[in-house]
Every structure is written in C-alpha cells, then in structure tokens.
Amino acid sequence: MSVQAKITSKGQITLPLRVRNELGVRPGDKIAFERNDEDEITIRPVRGESPFAKYRGSGNPGIATGAKSINKHVREIRGFDPDDTELE
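Residues numbered from 1 in each chain as written. Predicted model: local features only at pLDDT ≥ 70, side-chain atom pairs only at ≥ 80, totals over all residues. Heavy atoms only, no water.

J.: Hey, could you run me through the overall build of the chain in this one?
T.: On a plain count of helices and strands, the chain comes out with two helices and two strands. Going residue by residue from the N terminus, the α and β elements of the chain occur as α-β-β-α. Here the chain holds 88 residues, and 8% of them are scored as buried. Pairs at least 24 residues apart make up 2% of the contacts formed inside the chain by residues separated by at least 6 positions. With an accessible surface of roughly 8,600 Å², the chain has 49% of that area assigned to carbon and sulfur atoms. (Helix = DSSP H or I, 4+ residues; strand = E, 2+ residues; numbered from the N terminus. Buried < 20%, exposed > 50% of the residue type's maximum accessible area, 1.4 Å probe, protein only. Contact = heavy atoms within 4.5 Å. Areas by Shrake-Rupley, 256 points an atom, 1.4 Å probe, with all protein chains shown as cover.)

Next up, the structure:
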C-alpha cells in the first residue's frame, strides 16, 4: 500500500481512511512512530491493556463452565433435582 498525507502548518496530518482501516484505529486512539535500523519510520497503533483484563479469571467459583453445569447450578438454586424421578 502506498498512500500520502499532507502536513499542515501545525505539523498535523490526517491518516487516510485506508491507513486507519489497516491499522484498526479510530478517533481518540494513539499511534506510535518508530525508527528502525534502516532509518525507516513505521507507524503502529498503541494498544493498552484490554478494558476487560481486570475481569479475566473472575468467574463463578465452584461452577464449572458450559451450559450443562450452569443449568445444573440454576436447578439446584431453585430446588429442582432432575435426578429425582419420584412423583407425588
């Protein structure tokens, strides 16, 4: 991909739509300019920690994952035992 952008008098540029889409950036996101050993400048998006990272591993202790386990737990809470086949 080869695209160009014009620098304003304040040193600002507008990233062309193709570049924004390729980098996956939106308004308010940050980008980093990095120089490599060949004196080339690369642009990459700055990715911070995921907003969901603080919730990682915080599930429901004691309840296994999967629909069957969740359904079993809900039935236990409601007092329904699917293995109890006695009818009154």
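From this point on, the discussion continues.
J.: Mind showing me how you'd approach the pairing of strand β2 (residues 41–45) here?
T.: A regular strand carries its side chains on alternate faces of the sheet. With five bridges connecting them, strand β1 (residues 31–35) and β2 associate as antiparallel partners. Within β2, the residue paired with Arg35 across the bridge is Ile41. The hairpin formed by β1 and β2 contains five residues between the paired strands, and Asp39 there has a positive phi angle of roughly 60°. (Pairing = 2+ DSSP bridges.)

J.: Is there a simple way to think about the confidence of the model for the chain in this case?
T.: Should the pLDDT be low somewhere, the predicted coordinates at that spot are not to be read in detail. Mean pLDDT for the chain: 83, with 88% of residues reaching 70 or above. Mean pLDDT across the elements of the chain ranges from a minimum in helix α2 (residues 67–78), with 83, to a maximum in β1, with 93. (pLDDT = per-residue confidence, 0-100.)

J.: Explain a nonpolar patch on the surface here, please?
T.: Together, Ile7, Ile13, Phe33, Ile41 and Ile43 line one region of the surface with nonpolar side chains, adding up to about 470 Å² of accessible area. Secondary-structure assignment places Ile13 in the segment before α1 (17–23). The partly exposed category is assigned to Ile13, whose relative accessible area is 39%. (Patch = residues over 30% accessible without salt bridge, like charges linked within 9 Å, V, L, I, M, F, W, Y side chains within 5 Å. Salt bridge = Lys/Arg side-chain N within 4 Å of Asp/Glu carboxyl O.)

J.: Where do I start with α2 in this structure?
T.: Helical geometry note: an α-helix holds 3.6 residues per turn, so side chains three or four residues apart project in the same direction. An ideal rise of 1.5 Å per residue puts 16 Å on twelve residues; α2 measures up with 16 Å between its terminal C-alpha atoms. The element α2 is largely exposed, with a buried count of zero among its twelve residues. (Expected span 1.5 Å × (residues − 1).)

J.: Mind showing me how you'd approach unusual backbone geometry here?
T.: Backbone geometry at Asp39 places phi at a positive 60°, although glycine is not the residue there. For Asp39, the position within the fold is in the loop between β1 and β2.

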